[in-house]
Amino acid sequence: MIFERKKYLDELIAGRGNGLVKIITGVRRCGKSFLLFDIWHNWLLEHGVTDNHIIEIQLDDFRNRRLRKPDALLDYIDSKVMDDGNPYYIVLDEVQLVEEFVEVILSLTHMRNVDVYVSGSNSRFLSSDVVTEFRGRGDEIRIWPLTFDEYFSGIGGDIRKAWLDYYTFGGLPQVALLETEEKKTDYLRGLYETTYLRDVIERNHLRNPEGMKELVRVIASGIGSSTNPTRIANTFQSAQGVTIKRDTIKQYIDYLKDSFLIEEALRYDVKGRKYIGTETKYYFADIGIRAAILNYRQQEETHIMENIIYNELRCRGYNVDVGLVELGGKDENGKFVRKQLEVDFVVNRPPYRVYIQSAFHMPTPEKEQQERRPLLSINDHFRKIVIVGDDIHRKEDELGVLTVGLLDFLTDKKILEQG
């Protein structure tokens, strides 16, 4: 079984020889190393690059520990690169393990005949440095776990069975390769406990690891629900009698974001065209990890579907916010009141903007009207879509609202750009 990761290969090909450092980021075990050391390596060989012009170093390999010293790493690369008129491709995996790694990478950019590719699993080490340290010399390529389309293209079979497995166990490539549900479950639990969680705790020298563990469970339990650090702190206090300061929770959330475990969707006032900073939503980069955190106790397909749609949109390169539309009207007593309606996703990538509602079922006309109302309250020309969990034929009404089935949406990469 092979997952081609064509989207990311195309990005690497497009960036080949552009003079920028290609920085491959993403959550651990999402396939960064396989992309660089297998897919990209083979592509280079197939297009005329000789093996001795590909310099690959996995810095998390203990046998390469001496190369974590800047001078040793630069000396090693210098010994491999010759002035023979052909480019060399330098691939450094888990580069954040190198002392003063930013300076090392900048030094490599001074070499005329090298093309540099680095990977890492921590956004604080990498993503922020792309902006602040590389001064326009870095090109970040974000890798996600397998999308459903990638997953189904690799495993084949019945699409509904594939969907059941995907929304239960997620899209980490290694999980997809395991044969039984028991092996998948054990792998995800072990990966979370021994890699993801331990990595966050040890990297940030946390003195309250139990507090971090419980925070992750709280966030996992509430995906798709608006919250904020103050509300989470109150949850700790009321449910467990535990006091964790709001600022501590905010810092812990930042650590989880830095590790690519979760992402934040901000609330956006569609009519006022401004962000509302009071609350936010969190989504997990991989739904299988989220399930393992909760010991598979909360497998509610409505919220899982919303998380998967969010990840799909982000993987396709869109910025995603949660939309709010304020309406005026009268209550049952005839008093004028203002109501806020939520649009699940406000999706942006110039020149495209799309408003999306995620509705697992719309069994009645009343439910359909409820889901469509926020979209119809937006008076602009941008596309409006309702995604439903059922298998249905696409339909677009006279007001321009497209209703589409979930699997149809997940397997059609161009749907947001049509119409």
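Residues numbered from 1 in each chain as written. Predicted model: local features only at pLDDT ≥ 70, side-chain atom pairs only at ≥ 80, totals over all residues. Heavy atoms only, no water.

## Regarding the state of the cysteines
Convention followed: Throughout, a disulfide means two cysteine sulfur atoms within 2.5 Å of one another.
Overall, the coordinates contain zero disulfides when judged by the stated rule. In this structure Cys30 is not part of a disulfide, and its nearest cysteine sulfur, from Cys315, lies 10 Å away.

## Details of helix 15 (residues 365-376)
Our working rule: Here a helix means four or more residues in a row that DSSP labels H or I, a strand means two or more in a row labelled E, and each is numbered from the N terminus. To estimate how far a helix should extend, the number of its residues minus one is multiplied by 1.5 Å. When accessible area is computed with a 1.4 Å probe and restricted to protein chains, residues below 20% of their type maximum are described as buried, those above 50% as exposed, and intermediate ones as partly exposed. The directions considered for the arc are those from the helix axis to the C-beta atoms.
With 12 residues, helix 15 extends 15 Å from end C-alpha to end C-alpha; this agrees with the ideal 16 Å at 1.5 Å per step. Within the sequence span of helix 15, burial applies to Glu371, Arg372, Pro374 and Leu375. The arc that holds the buried residues of helix 15, viewed along the axis, is 150°, so those residues lie on one side. Facing away from the buried side of helix 15 by more than 90 degrees, the exposed set consists of Pro365, Glu366, Gln369 and Gln370.

## Observations regarding empty space enclosed by the protein
Filter applied, for reference: The pocket and cavity definitions rest on a 1 Å grid over protein atoms only: a 1.4 Å probe that fits but cannot leave marks a cavity, an open set with protein on both sides within 12 Å along at least five of seven lines marks a pocket, and residues lining either have an atom within 4 Å of a point. Grid points are joined across faces, edges and corners, and a volume is the space filled by probe spheres set on the points. Each residue receives one of three labels: charged for Asp, Glu, Lys and Arg, nonpolar for Ala, Val, Leu, Ile, Met, Phe, Trp, Tyr, Cys and Pro, and polar for the others, Gly being one of them.
Tallying each qualifying case throughout the model produces three cavities of 30 Å³ or more. Roughly 140 Å³ of internal volume is contained in the largest cavity. Forming the boundary of the largest cavity are 16 residues, of which Leu146, Thr147, Tyr166, Ala285 and Asn311 lie nearest the centre. A per-element tally of the lining of the largest cavity places helix 14 (residues 301-315) first, with four residues. Per-class residue counts for the lining of the largest cavity are 10 nonpolar, four polar and two charged.

## Some remarks on the layout of surface pockets
By volume, the largest pocket amounts to about 520 Å³. Elements that contribute at least two residues to the lining of the largest pocket include exactly helix 1 (6-15), helix 6 (148-155) and helix 14. Sorting elements by how many residues they give to the lining of the largest pocket places helix 6 first, with four residues. For the lining of the largest pocket, a count of residues per class yields four nonpolar, three polar and 13 charged. Put simply, the second largest pocket is a space of about 430 Å³. As for the second largest pocket, its lining consists of 19 residues, of which Arg29, Cys30, Gly31, Phe34 and Pro173 are closest to the centre. Of all the elements in the fold, those that place two or more residues in the lining of the second largest pocket are helix 2 (32-46) and helix 8 (173-177). Grouping the constituent residues of the lining of the second largest pocket by class yields eight nonpolar, four polar and seven charged.

## A few points about the packing of aromatic side chains
To keep it simple, the criterion reads: When two rings of Phe, Tyr or Trp (its six-membered ring) have centres within 6.5 Å they constitute a pair, described as stacked for plane angles under 30 degrees, edge-to-face for angles over 60, and tilted for the intermediate range. By the criterion adopted, a ring carries a charge over it if an Arg CZ or a Lys NZ lies within 6 Å of its centre and within 35 degrees of its normal.
According to the stated counting rule, one finds 15 aromatic pairs in the structure shown. With centroids separated by 5.4 Å and ring planes inclined at 50°, the aromatic side chains of Tyr151 and Tyr166 adopt a geometry described as tilted. Note that Tyr151 is positioned in helix 6 and Tyr166 in helix 7 (residues 159-169), a separation of 15 residues in sequence. By relative accessible area, which is 3% here, Tyr151 ends up buried. Ring geometry for Tyr268 versus Tyr275: centroids 5.2 Å apart, planes at 65°, classification edge-to-face. Through a chain of ring-to-ring contacts, three or more aromatic side chains come together here, namely Phe148, Tyr151, Phe152, Trp163, Tyr166 and Tyr167. For Lys22, the ring lying beneath its charged end belongs to Tyr117, and the centroid distance is 5.0 Å. Across from the ring centre of Trp144, 4.1 Å away, lies the NZ or CZ of Arg142, which sits over that ring.

## Points about the pattern of salt bridges
Stated precisely, the cut-off is as follows: Salt bridge, as used here: a side-chain nitrogen of Lys or Arg that lies within 4 Å of a carboxyl oxygen of Asp or Glu.
For the structure on display, the rule yields 34 salt bridges. Between Lys7 and Glu11 there is a salt bridge, with the nearest N and O atoms lying 2.7 Å from each other. Within this pair, Lys7 and its partner Glu11 are both found in helix 1, separated by four residues, close to a single helical turn. Owing to a relative accessible area of 34%, Lys7 belongs among the partly exposed residues under this scheme. Arg267 is the salt-bridge partner of Glu279, the closest N and O atoms lying 3.7 Å from each other.

## Regarding the environment of Asp412
Quick note on the threshold: Within 3.5 Å is the distance limit for a polar contact, defined as a pair of N or O atoms, with the added protein rule that one can donate a hydrogen and the other accept it, and that residues adjacent in sequence qualify only through two side-chain atoms.
Summarising the element assignment, Asp412 is placed in the segment after helix 16 (406-411). C-alpha separation for the pair Asp412 and Asp149, spaced 263 residues apart in sequence, amounts to 8.4 Å. Within polar-contact distance, the side chain of Asp412 engages the backbone nitrogen of Lys414 at 3.0 Å.

## Looking at the packing of helix 6 against helix 7
We count it as follows: Throughout, an axis means a line fitted to C-alpha atoms (over the contacting stretch in the case of helices), and angles, computed between N-to-C directions, take values from 0 to 180 degrees. The scheme is simple: roughly parallel for angles under 35 degrees, roughly antiparallel for over 145, roughly perpendicular for 65 to 115, oblique for anything else. Crossing chirality is assigned from the near helix's rotation relative to the far helix, an anticlockwise turn below a right angle marking it left-handed and a clockwise turn marking it right-handed. Two residues qualify as a contact provided that any one of their heavy atoms is within 4.5 Å of a heavy atom in the partner residue.
Look at helix 6 against helix 7: their axes get within 10 Å of each other, and the N-to-C directions meet at 125°. As far as their axial angle goes, helix 7 and helix 6 are oblique. Once helix 6 is placed against helix 7, the crossing between them reads as right-handed. Of helix 7, the residues touching helix 6 (which contributes Phe148, Tyr151, Phe152 and Ile155) are Ile159, Ala162, Trp163, Asp165 and Tyr166. The class makeup of the residues in the contact of helix 6 with helix 7 is eight nonpolar, no polar and one charged.

## A closer look at the environment of Val347
Relative to the helices and strands, Val347 is located in strand 9 (residues 336-349). Put simply, Val347 and Tyr310 are 37 residues apart on the chain and 9.5 Å apart in space, counted from C-alpha to C-alpha. Those residues in contact with Val347 that lie beyond four places of it in its chain are Leu313, Tyr318, Asn319, Tyr352, Arg353, Val354, Ile356 and Leu416.

## A few points about the nonpolar core
The test is simple: Nine residue types can take part in a nonpolar core, namely buried Ala, Val, Leu, Ile, Met, Phe, Trp, Tyr and Cys, and a core is a set of them joined through side-chain atoms within 4.5 Å.
Of all hydrophobic cores here, the largest spans 93 residues; its most connected members are Met212, Leu215 and Leu416. Residue contacts for Leu416: discarding those within four places in its chain leaves Leu313, Arg316, Tyr318, Val347, Tyr352, Val354, Ile356, Arg383, Ile385 and Phe409. Formed by 25 residues, the second largest nonpolar core is a distinct cluster that contains Ile55, Phe101, Val104 and Leu108.

## Details of helix 6
At 3.6 residues per turn, the α-helix brings residues three or four places apart onto the same side. Within helix 6 the residues assigned to the buried category are Phe148, Asp149, Glu150 and Tyr151. Considering only its buried residues, helix 6 is in contact with helix 1, helix 7, helix 8, helix 14 and helix 16. Among the residues trailing helix 6, Gly156 stands out with phi positive, at a value near 65°.

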